[in-house]
Amino acid sequence: RWNRLLPASVIGLGSGFLAGLFGVGGGAIVVPALALSTDMTHYQALGTSLAAMTLPAVVGTLTHYGKGNVCMRVAPMLALGSFVGAFA
């Protein structure tokens, strides 16, 4: 069991650090790292990465909204476009 959890934990820690340092999306690091270091397919790694980012995305959004850093003229349409694009 630990042999499956350890790589994912190390990948999450490293991608979170690099994403915070460089401002890049963690998925650019997580998906290839999961696919290369585990027995996941690319699509499994992609789905796992998206599922894992849901909670941090909500917390980050609420935190930035609370600080006045969300442009509400743009955010709803950007979110809608992203939502529709995810099904394409």
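What counts and how
Residues numbered from 1 in each chain as written. Predicted model: local features only at pLDDT ≥ 70, side-chain atom pairs only at ≥ 80, totals over all residues. Heavy atoms only, no water. Helix = DSSP H or I, 4+ residues; strand = E, 2+ residues; numbered from the N terminus. Buried < 20%, exposed > 50% of the residue type's maximum accessible area, 1.4 Å probe, protein only. Contact = heavy atoms within 4.5 Å. Areas by Shrake-Rupley, 256 points an atom, 1.4 Å probe, with all protein chains shown as cover. Arc of directions from axis to C-beta.

1. Quick word on the overall build of the protein
No. 1: The helix and strand tally for the protein stands at 4 helices and 0 strands.
No. 2: Starting at the N terminus, the α and β elements of the protein follow one another as α-α-α-α.
No. 3: Judged by the C-alpha coordinates and their principal axes, the protein covers about 45 × 30 × 20 Å.
No. 4: Burial status across the protein gives 10% buried among its 88 residues.
No. 5: Pairs at least 24 residues apart make up 17% of the contacts formed inside the protein by residues separated by at least 6 positions.
No. 6: Carbon and sulfur atoms make up 72% of the accessible area of the protein, which totals about 6,800 Å².

2. Remarks on the environment of L18
No. 1: Along the polypeptide, L18 turns up in helix α1 (residues 2-22).
No. 2: Sequence separation between L18 and P32 is 14 residues; the distance between their C-alpha atoms is 14 Å.
No. 3: The contacts of L18, once residues within four sequence positions are left out, are G23, V24 and I29.

3. Describing helix α2 (residues 27-37)
What sets the pattern is the α-helix's 3.6 residues per turn: residues three or four places apart point alike.
No. 1: Within α2 the residues assigned to the buried category are V30, V31 and L34. Angular distribution of buried residues about the axis of α2 spans 95°; they occupy a single face of the element. Residues of α2 that are exposed and angled more than 90 degrees away from the buried face: A28 and L36.

4. Remarks on the side chain of S15
No. 1: Here S15 lies in helix α1.
No. 2: For S15, a relative accessible area of 4% puts it in the buried group.
No. 3: Sequence-distant contacts of S15, defined by excluding residues within four places in its chain, comprise G26, I29 and V30.

Interpretation in functional terms is not warranted from these geometric data alone.
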